[in-house]
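Reading the structure
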Amino acid sequence: KEVLVVNLHNLVSRSTHTQNFLIDWSISLISSHNGPVIFGGDFNTWSFIGSDINALLQRTEKVGLKKVPFHSPVHLMSGGLRVQLDHLFYKGLTLDEDSIKVFNKTNLSDHPPISVTFKIP
């Protein structure tokens, strides 16, 4: 089976309508794929749903995606809201939880590198 990888960079310069559309379009693509999936990226969820990511989680759970458990809070200058911009989801794969590494110490970007190992069952 082929692994579908969807990487989304949901720019805050887009309207909230467009940001939601891109997530829904990605979810539609994922739901039509018959095989393992990795869905991740910068969702910028704070810009259209605030610190509550339930709207995103409900969409991903609807198509059988599981969230990779990692924390990488980014302190936003606007209102001091602490949110996680980057998220990683998967299905049809086995996550090696001991392999999850978030390189939070880097000052290169507000998006730290994330390393994860998946196994194909």
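Residues numbered from 1 in each chain as written. Predicted model: local features only at pLDDT ≥ 70, side-chain atom pairs only at ≥ 80, totals over all residues. Heavy atoms only, no water.

So, on to a nonpolar patch on the surface. A grouping of Val3, Val5 and Ile120 is seen on the molecular surface, where their side chains present a nonpolar patch of about 280 Å² in accessible area. Note that Ile120 resides in the segment after strand 8 (114-119). (Patch = residues over 30% accessible without salt bridge, like charges linked within 9 Å, V, L, I, M, F, W, Y side chains within 5 Å. Areas by Shrake-Rupley, 256 points an atom, 1.4 Å probe, with all protein chains shown as cover. Salt bridge = Lys/Arg side-chain N within 4 Å of Asp/Glu carboxyl O. Helix = DSSP H or I, 4+ residues; strand = E, 2+ residues; numbered from the N terminus.)

What follows concerns the confidence of the model for the protein. As a general rule, the predicted coordinates of low-pLDDT regions are not to be interpreted in detail. In the predicted model, the protein carries a mean pLDDT of 83, and 76% of its residues have values of at least 70. Averaged pLDDT values for the elements of the protein fall to 58 in helix 2 (residues 46-49) and rise to 96 in strand 3 (residues 66-67). (pLDDT = per-residue confidence, 0-100.)

We now examine helix 1 (residues 16-31). Along its 16 residues, helix 1 runs 22 Å from first to last C-alpha, staying within 8% of the 22 Å computed at 1.5 Å per residue. Listed in full, the buried residues belonging to helix 1 are Gln19, Leu22, Ile23, Ser26, Ile27 and Ile30. All buried residues of helix 1 fall inside an arc of 130 degrees around its axis, so they share one side. (Expected span 1.5 Å × (residues − 1). Buried < 20%, exposed > 50% of the residue type's maximum accessible area, 1.4 Å probe, protein only. Arc of directions from axis to C-beta.)

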